[in-house]
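# Summary of the model geometry
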Amino acid sequence: MSVRVRFAPSPTGFLHIGSARTALFNWLFARHHKGEFILRIEDTDRVRSNEKFLKEIMESLQWMGLNWDGEIEYQMKRLDIYREHAERLLKSGKAKKVDGTQGVKTDEGEVGSAIVFPLEARKVSFDDLLHGRIEVDTTQLGYDTVVLMKADGTPTYNFACVVDDATMGMTHIIRGDDHISNTPKQIVLYEALGYPIPQFAHIPLILGPDGGRLSKRHGATSIEEYHQRGFLGEALVNYLALLAWSPGNNQEIISLKEMIEKFDIADVNKTAATFDLQKLTWVNHQYIKQTPVEKLVQLMTEGGFLPENGKWKLENGEKQKAWLAQVVELLHDRLDTLADIKTVGGFFFAEKIEDDPAAVEQVLKEAKARSYFGDLAGRLEAVNNFEHDPIEQVMRDFCQEKNIKTKELFHPVRVAVTGRSVSPPLFQTMALLGKEKVVRSLKRWAA
Ligand code: GLU
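Residue positions are given per chain, counted from 1 along the sequence in the order it is written. Where local features are concerned, this predicted model is filtered to residues with pLDDT of at least 70; where side-chain atom pairs are given and counted, the filter is 80 or more; whole-chain, interface and lining totals use all residues. Water and hydrogen atoms play no part in the side-chain values, which are based on all heavy atoms of the structure.

### Quick word on the pairing of strand E1 (residues 4-7)
Direction of pairing for E1 relative to strand E2 (residues 36-41): parallel, over a ladder of four bridges. Residue pairing for E2: Arg4 is matched across the bridge by Glu36. Tracing the backbone out of E1, into helix H1 (residues 17-32) and back to the parallel element E2 gives a crossover that is right-handed. Note on pairing: two strands pair once DSSP finds at least 2 bridges between them. Secondary structure elements follow DSSP: runs of H or I of four or more residues count as helices, runs of E of two or more count as strands, with numbering from the N terminus. A clockwise path from the first strand over the helix to the second, with the strands pointing away from the viewer, defines a right-handed crossover.

Put into structure tokens, the structure is as follows:
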């Protein structure tokens, strides 16, 4: 039997890091077994479901490269199917209609009129692919009745989930640990409906650094936020996969293709993992380093990571594109995220260089070199071909002529033209800043 799994988000919020990882494991499992990965939208909560969340969930999955098979399923289009199944249970006497649930201990607390399923006192067990055998005594659940259909004609999560997973032919249910407590009652419902029971794998939650479940208070939790912050989809996928699973040999960077080959649900850790932004940033850095410059330029341009305004934009066309590619090339190894182009390389785009006060204080303010800046500016102004080699030549000749050590000149120049004490290699930086800007900065600091 070929594998069929699903990811079943409720469109009541953005795609959370934890849910994304559930989607990822389902997707990897499906792709590894050459099976199918179905996207099912659990939209029966009419109040909290929202079109905007649905759109974002789909976009986030696409951005991560988690393509689904076939049409998306929507629970709200399947109300007849739930009703038919509830009728079946009513007819067989396994379920009953109640006007209210006062005095009845249901799994949903107190509800109005409803179709409910009284639980027998019995043991329910299943073999979880990660946790092994789990056995529950229904008398220990804290309720003795499962709500199936609510007064407004919508099914409860547990009922819809069972009907869907059964009628959609799911072979494996891979979902978060937080659903372990739902599984026994779902199994009872499969049995009552006469459907085969799928295999279950409950994967661990993702925790925040303080040991609590990863949530807003720990920082960004939605996939879209990471997208907007300049992370790459592949890097996030790599990080999330390795948060609870390892391909072995301490491998930390792994392509999607290799992940699909090596993924085995049985190798997923049973215990919760802690989300580590620093590690994710490191992984992203590795991915940026291995992404070709043209691709980075495209991602930065399309993703809105470049400064919106500024003179650099005026010089449109091919020349500007070539310049941008050179800037990205120069900064390539220094970017943790796509957004870093604006911070690490901000001075390339800025009309006016923003000075780092500490760098000015330590390197520039008292520098003897400033007394040469006026002269040097003049020499550089005279360079026709303002490129790396001619610039280097002028700078070195200048040091020799004035009998000063190169570092006594170069370092203050660096701070004057970039505003910082750390920058990419100086001559190429100057070449890309352009003659006008370099000369202007030197004159500004000339003493
Ligand atoms: N809509 C449920 C959730 O987002 C799905 C749970 C399941 O996979 O069964 O938690």
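### Concerning the pattern of salt bridges
Close approach of charged atoms allows side chains of opposite charge to pair. We count a salt bridge whenever a side-chain nitrogen from Lys or Arg sits within 4 Å of a carboxyl oxygen from Asp or Glu. In the structure shown here, the tally under the stated rule is 30 salt bridges. Here Arg40 ties to Asp164 by a salt bridge, and the two come within 3.5 Å at their closest N and O atoms. Of this pair, Arg40 sits in strand E2 while Asp164 sits in helix H4 (residues 157-167); the two residues are 124 residues apart in sequence, bridging distant segments of the chain. Note on accessibility: Arg40 and Asp164 belong to one class, buried. Shared partners join several salt bridges into a network, and the residues in it are Arg6, Arg40, Glu42, Arg78, Asp164 and Asp165. Relative accessibility under 20% of the residue-type maximum defines a buried residue, over 50% an exposed one, and the middle range a partly exposed one, all with a 1.4 Å probe and only protein chains included.

### Description of the packing of aromatic side chains
Here the aromatic set is Phe, Tyr and Trp, taking the six-membered ring for Trp, and pairing holds for ring centres within 6.5 Å; pairs whose planes are under 30 degrees apart are stacked, those over 60 apart are edge-to-face, and all others are tilted. Taken as a whole and assessed by the stated rule, the structure comprises 11 aromatic pairs. Each ring, one from Tyr226 and one from Phe231, has its centre 5.4 Å from the other, and the planes form 65 degrees; the classification is edge-to-face. Neither residue differs from the other here; Tyr226 and Phe231 are each classed as buried. Judged by centre distance (4.6 Å) and plane angle (40 degrees), the ring pair of Phe347 and Phe348 falls under tilted.

### Focus on the side chain of Asp107
Its location among the elements puts Asp107 in the loop between strand E4 (96-98) and strand E5 (114-118). With a relative accessible area of 17%, Asp107 lands in the buried category. Separated by 2.9 Å, the side chain of Asp107 and the backbone nitrogen of Val147 make a polar contact. Residues contacting Asp107, with those up to four places away along its chain left out, are Tyr143, Thr145, Val146, Val147, Asn158 and Lys185. For this analysis, a polar contact is any N or O atom pair within 3.5 Å, provided that within protein one partner can donate a hydrogen and the other can accept it, and provided that sequence-adjacent residues contribute only side-chain to side-chain pairs. Pairs of residues are marked as contacts when any of their non-hydrogen atoms sit within 4.5 Å.

### Some points on the sheet that holds E4
Read across the sheet, three strands follow the order E4-E5-E8 without closing on themselves; strand pairing throughout is antiparallel. If you trace the sheet from one side to the other, it starts and ends with E4 and strand E8 (145-149), each paired once. Pairwise comparison of adjacent strand axes, ignoring direction, gives a mean angle of 45 degrees for this sheet. Inspection of the sheet shows E4 paired to E5 by three bridges, in the antiparallel sense. Pairing of Val98 across the sheet is with Ala114, part of E5. To obtain an axis, a line is fitted to C-alpha atoms, over the contacting stretch when the element is a helix, and the angle between two such axes runs from 0 to 180 degrees between their N-to-C directions.

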